[in-house]
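Reading the structure
One-letter residues, chain by chain:
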Amino acid sequence: MTALVLSLTAAALVLAVLAWVPQSGSNLEIALSAVMLACLAAVGVLLLAGDGVAGWAERWWNVLLLLAGALAVTGGGPLTTSVMALADRGNTRAQSTQKAGEVLRGGALIGALERTAIYAALVSGWPEGIAIVLAIKGLARYPELRSPDQPASVTPQAVAERFIIGTFSSVLWAVTCAGLLRSH
């Protein structure tokens, strides 16, 4: 079990380090990344340290549940933004991919709701909830993904690419945060 917790923590740290690659280099993005890494490290340390303490699980489980949930919801936004910036590096269609965000309005709020639902489904022991969340999101976004009324500077491929990259990075972050708790 400890090996699984360490593996998930390492995977989450690798994802969180991607957030250190700020899109615009702003101090706010760097500060958010630092807070995200600190929270993730705290969850991992508390989980590992709790193995040898009698009665630890009863006292701290709810704190860890809320901390990991907050990390899953709030940490996914900066991470997804950083992953998008990495995907755009060296891409000749970068301008089109960046403008695809105008077509997919509300992405930050939808992503936070998506991570909340996925985290809640996983920590409650209902992994099938992931399929439902992704089906709802895909069906809701389908008209925007296939709309012929997109601006000329935005290709349908760029919109689809942004949707897939954003969804995958967001979902993987929520799964990683929930996996930390479920593995213990």
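Here the structure is shown first, and the text comes after it.
Let me sum up the structure you'll find in this document. (Residues numbered from 1 in each chain as written. Predicted model: local features only at pLDDT ≥ 70, side-chain atom pairs only at ≥ 80, totals over all residues. Heavy atoms only, no water.)

Residues I118, Y119, L122, W173, C177 and L181 are the most contacted members of the largest nonpolar core, which totals 17 residues. Elements that contribute at least two residues to this core include exactly α3 (56-88), α5 (107-123), α6 (128-145) and α7 (156-182). Once you skip the residues sitting within four places of it in the chain, C177 turns out to touch A68, L71, A72 and Y119. Judged by nonpolar contacts, the second largest core, of eight residues, contains A100, V154, A158 and F163. (Core = buried A, V, L, I, M, F, W, Y, C linked by side-chain atoms within 4.5 Å. Buried < 20%, exposed > 50% of the residue type's maximum accessible area, 1.4 Å probe, protein only. Helix = DSSP H or I, 4+ residues; strand = E, 2+ residues; numbered from the N terminus. Contact = heavy atoms within 4.5 Å.)

Moving on, we come to the packing of α6 against α7. Two numbers describe how α6 lies on α7: the axes approach to 12 Å, and their chain directions differ by 160 degrees. As summarised for this structure, α6 and α7 are arranged roughly antiparallel, according to the angle between their axes. As α6 runs across α7, the sense of the crossing is right-handed. Each of I130, L134, K137, G138, R141, E144 and L145 in α6 lies in contact with α7, whose residues at this interface are V159, A160, F163, T167, V171 and V175. (Axes fitted to C-alpha atoms, helices over the stretch in contact; angles between N-to-C directions. Parallel < 35°, antiparallel > 145°, perpendicular 65-115°, else oblique. Left-handed = near helix turned anticlockwise from the far one by under 90°.)

To continue, consider the pattern of salt bridges. Per the stated rule, a full pass over the model turns up two salt bridges. Between E114 and K137 there is a salt bridge, and its shortest N-O distance comes to 3.1 Å. Placement of the pair is E114 in helix α5 and K137 in helix α6, with a sequence separation of 23 residues. Summarising the burial analysis for this pair, E114 and K137 share the class buried. (Salt bridge = Lys/Arg side-chain N within 4 Å of Asp/Glu carboxyl O.)

The values reported here are purely geometric and, on their own, carry no functional implication.
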